[in-house]
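The primary structure of each chain is shown beneath.
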Amino acid sequence: MNNYKWLLDAGHGGITNDGKYTTAPAKMHVFEDGLTFYEGVNNRAIVDRLIPMLKDTGIEYELVYDQVLDTPLRQRVEKANKLYDVDRRGIYVSIHSDAMPDGAHGKGSGLSIYTSKGKTSSDLIATIFYDTYAEHLKEFRIRKDLSDGDADFEEDFYVLRKTSCPAILIENLFFDNRREAEFLMSEVGQQKIAKILLLSILAVERMHPALTL
Ligand SMILES: [Zn+2]
């Protein structure tokens, strides 16, 4: 089972050896008691847990992000498009977590998946991921936009718009929501999200949809 090449993007950047977070402060959150969530670090932690699972199951993947640097989106997409051009088997998955704007922190909750606008094969991929999250992440809200006949939200995000392959962006819960941040920072939580990603990937491989854009 190796129909696709999974192009993995952990959103934003990590922390350098001298302790500097490489991403804008909007992509982190400090709770009242000092607990600090760094989205870029957590996105990487989830992919770090997914990688050995992919290796174990023989799923092909490539990383389009840097372990520490917050490389420009253009660079990530160029790398993905080059990889896709080789054999046109690529599917781009961008891993993020969500937050509400200043003044509304803590008011958002749940999981959402985004695709580019219009009907594309990305919608098919998003639906398979949604179904897997709904089945395995019952303790959290699954956010859906059913206005256009499927569950995913559609936005002009750069990595969705500029990738030449099917692409989805997953907002794994809200990191400015205490309960969700604690889950995301825990080993159990990270392992669970990585497992759901693996199961989603395996489901797509099994269903083997044609990737027409
Ligand atoms: Zn993000």
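Structure first, text after, so check above.
Residues numbered from 1 in each chain as written. Predicted model: local features only at pLDDT ≥ 70, side-chain atom pairs only at ≥ 80, totals over all residues. Heavy atoms only, no water.

(A) Just the pairing of strand 1 (residues 5-10), in detail. Among the six residues of strand 1, six are classified as buried, and the element is accordingly described as predominantly covered. Neither face of strand 1 is open: one carries K5, L7 and D9, the other W6, L8 and A10, and all of them are buried. Pairing analysis gives four bridges linking strand 1 to strand 4 (residues 60-63), with the strands arranged parallel. Bridge pairing in strand 4 links L7 to E62. Both strand 1 and strand 5 (residues 90-98) contribute to a ladder of six bridges, which runs parallel. Residue pairing in the sheet places D9 in a bridge with S94 of strand 5. (Buried < 20%, exposed > 50% of the residue type's maximum accessible area, 1.4 Å probe, protein only. Helix = DSSP H or I, 4+ residues; strand = E, 2+ residues; numbered from the N terminus. Pairing = 2+ DSSP bridges.)

(B) Highlighting the coordination of the zinc ion. Distances from the zinc ion to its protein donors, H12 (NE2), E39 (OE), E39 (OE) and H96 (ND1), fall at 2.1 to 2.6 Å. Within one chain, the residues serving as donors to the zinc ion are arranged as H-x26-E-x56-H. Here E39 is found in helix 1 (residues 39-57), whereas its partner H96 is found in strand 5, with 57 residues between them in sequence. For the pair E39 and H96, one class covers both residues: buried. (Donors = N, O, S within 2.8 Å, 3.2 Å for Na, K, Ca; no water.)

(C) Examining the packing of helix 1 against helix 6 (residues 187-207) more closely. It is the contact of helix 1 with helix 6, at a shortest axis distance of 8 Å, that shows an interaxial angle of 50 degrees. Of the possible angle classes, the one that applies to helix 1 and helix 6 is oblique. In this structure, helix 1 crosses over helix 6, and the sense of that crossing is right-handed. Two secondary-structure elements touch here, helix 1 through N42, A45, I46, R49, L50, M53, L54 and T57 and helix 6 through E187, Q190, Q191, I193, A194, K195, L197, L198, I201 and L202. For the contact of helix 1 with helix 6, the per-class residue count stands at eleven nonpolar, four polar and three charged. (Axes fitted to C-alpha atoms, helices over the stretch in contact; angles between N-to-C directions. Parallel < 35°, antiparallel > 145°, perpendicular 65-115°, else oblique. Left-handed = near helix turned anticlockwise from the far one by under 90°. Contact = heavy atoms within 4.5 Å. Nonpolar A, V, L, I, M, F, W, Y, C, P; charged D, E, K, R; others polar.)

(D) Geometry of helix 3 (residues 121-136). Here helix 3 is 16 residues long and its end C-alpha atoms lie 23 Å apart, about the 22 Å a rise of 1.5 Å per residue gives. Every buried residue of helix 3 is accounted for by S121, S122, D123, I125, A126, I128, F129, Y130, T132 and Y133. The inward-facing, buried residues of helix 3 contact strand 1, strand 5, strand 6 (112-115), strand 7 (153-154), strand 8 (167-174) and helix 6. Two or three places before S122, at the opening of helix 3, T120 has a side-chain oxygen 3.1 Å from that residue's backbone nitrogen. (Expected span 1.5 Å × (residues − 1). Polar contact = N/O pair within 3.5 Å; in protein donor to acceptor, adjacent residues only side chain to side chain.)

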